[in-house]
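For reference, the chains in residue letters:
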Amino acid sequence: MRRRDFVRHASAGLLAAPALLAAGRARAVEPVDVELALAVDVSRSVDAEEQELQFRGYAAAFRDPRLLDGIARGAIGSIAVCFFTWSDWNVQELLVPWARIDGRESGERFAAAIDAAPRRTHLYTSISAAIDYAATLFGQGYEGTRQVVDISGDGVNNSGRPLAQARADALSRGIILNGLAVLDRTPPPAQFANLTPPLDDYYRDEVIGGPGAFLMVAEGFQAFEGAVRRKIIREIASNPPPGPLVERAYA
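Remember, predicted model here, so these are calculated numbers, not experimental data.

> Looking at this model, I keep getting lost on the nonpolar core. Mind explaining?
A general tendency of soluble globular proteins is for nonpolar side chains to be buried together. Formed by 72 residues in total, the largest nonpolar core has its most connected members in Tyr-58, Phe-62, Phe-83, Ile-151, Tyr-203 and Ile-232. In contact with Phe-83, other than residues within four places in its own chain, are Leu-38, Val-40, Phe-55, Tyr-58, Glu-93, Leu-94, Leu-95, Val-96, Phe-110 and Ile-114.

This is the structure in structure tokens:
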């Protein structure tokens, strides 16, 4: 081969090498104990104070030594977690992308990102679209022994496709759906009281599913922080022991 041709081919190989290396990095996945997607309701039934209690509750959970100790006790000792809000069928916003949590510093970074995230309120409640969106987030740089969606909300599905369809599709992919239902202690007007089932029954029967799935019920938004911490500690357990299908947290 003539020198000029050799140089041309060699240069092409050198130019291609970074792209090949980048592609290799893109395909690489990091093992973690759990991939956990936190899905937070910001529909109009959640007022500004209640939304703030949700955000602060999640941030506080990732600063809690008990939660961080639970993560450290896993087989790998780390989890991957992301945080998004949801409302209407077409409104889902990834506020904190996937991050690896393996101790105090990474927990603090994640909590600080939640603190700094924008607070926005929308209209309707599409649990089905939240599940569909969450299902697209998994497998992005991390590979967990379990993929879990943690859905918190205070209302029933009233936007988007039927919840049963979204739930069935997620379960067919091996995704576990856990719920955190927030009960409003103010009773609805009498004319609306019988239009929907009790929220805790609804989440138990229509939302959660998959191996070991469970529902945490927060008795009012003031109980949210404690409910979040207890729920995530149970979710990240490497070999979750059999527990109650429904747990309750009180302020």
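> Would you take a moment to explain helix α9 (residues 224-236) for this structure?
Residues that lie three or four places apart on an α-helix share one face, since the helix turns once every 3.6 residues. With 13 residues, α9 extends 18 Å between its outermost C-alpha atoms, agreeing within 8% with the 18 Å of an ideal straight helix rising 1.5 Å per residue. Residues of α9 that are buried: Phe-224, Ala-227, Val-228, Arg-229, Lys-231, Ile-232, Arg-234, Glu-235 and Ile-236.

> How should I be thinking about helix α4 (residues 104-116) in this particular structure?
Between the first and last C-alpha of α4 there are 18 Å, a value that for 13 residues agrees with the 18 Å anticipated at 1.5 Å per step. Contacts from the buried residues of α4 go to β1 (30-41), α2 (48-61), α3 (65-72), β2 (79-86) and β3 (92-101).

> What is the right way to look at the sheet that holds strand β5 (residues 176-182) in this model?
Note on sheets: strands pair through backbone hydrogen bonds, and any given pair is parallel or antiparallel. With mixed pairing, 7 strands are arranged side by side in an open sheet as β3-β2-β1-β4-β5-β6-β7. Strands at the two margins of the open sheet, each flanked by one partner only, are β3 and β7 (246-249). Direction aside, neighbouring strands of the sheet carry axes that sit 20 degrees apart on average. One ladder, built from 7 bridges, connects β2 with β3; its direction is antiparallel. Pairing of Trp-86 across the sheet is with Gln-92, part of β3. Lying on the sheet, helix α5 (residues 127-135) is in contact with β2, β3, β4 (142-153) and β5; it crosses β2 at an angle near 145 degrees. Most of the contacts of α9 go to β5, to which it runs at about 165 degrees, and overall it touches β1, β2, β4, β5, β6 (215-218) and β7.

Reading guide: rules and limits
Along each chain, residue indices are assigned from 1 in the same order as the chain's sequence is written. Local features in this predicted model are restricted to residues whose pLDDT is 70 or higher, and side-chain atom pairs enter the listing and the counts only when it is 80 or higher, whereas totals over whole chains, interfaces and linings include all residues. Computation of side-chain values covers all heavy atoms of the structure but excludes hydrogens and water. Definition used in this section: a nonpolar core is a set of buried Ala, Val, Leu, Ile, Met, Phe, Trp, Tyr and Cys residues joined via side-chain atoms within 4.5 Å. Only protein chains enter the calculation, and the probe is 1.4 Å; a residue is then buried if its accessible area is under 20% of its type maximum, exposed if over 50%, and partly exposed in between. In what follows, a contact means two residues having at least one pair of non-hydrogen atoms within 4.5 Å. We count a stretch as a helix when DSSP gives it H or I for four or more residues in a row; a strand needs E for two or more, and each element gets its number in order from the N terminus. Given the number of residues in a helix, its expected span is that number minus one, multiplied by 1.5 Å. One bridge is not enough; two strands pair if DSSP finds at least two bridges between them. In this analysis, axes come from line fits to C-alpha atoms, helices being fitted only over the stretch in contact, and the angle between any two N-to-C directions falls in the range 0 to 180 degrees.

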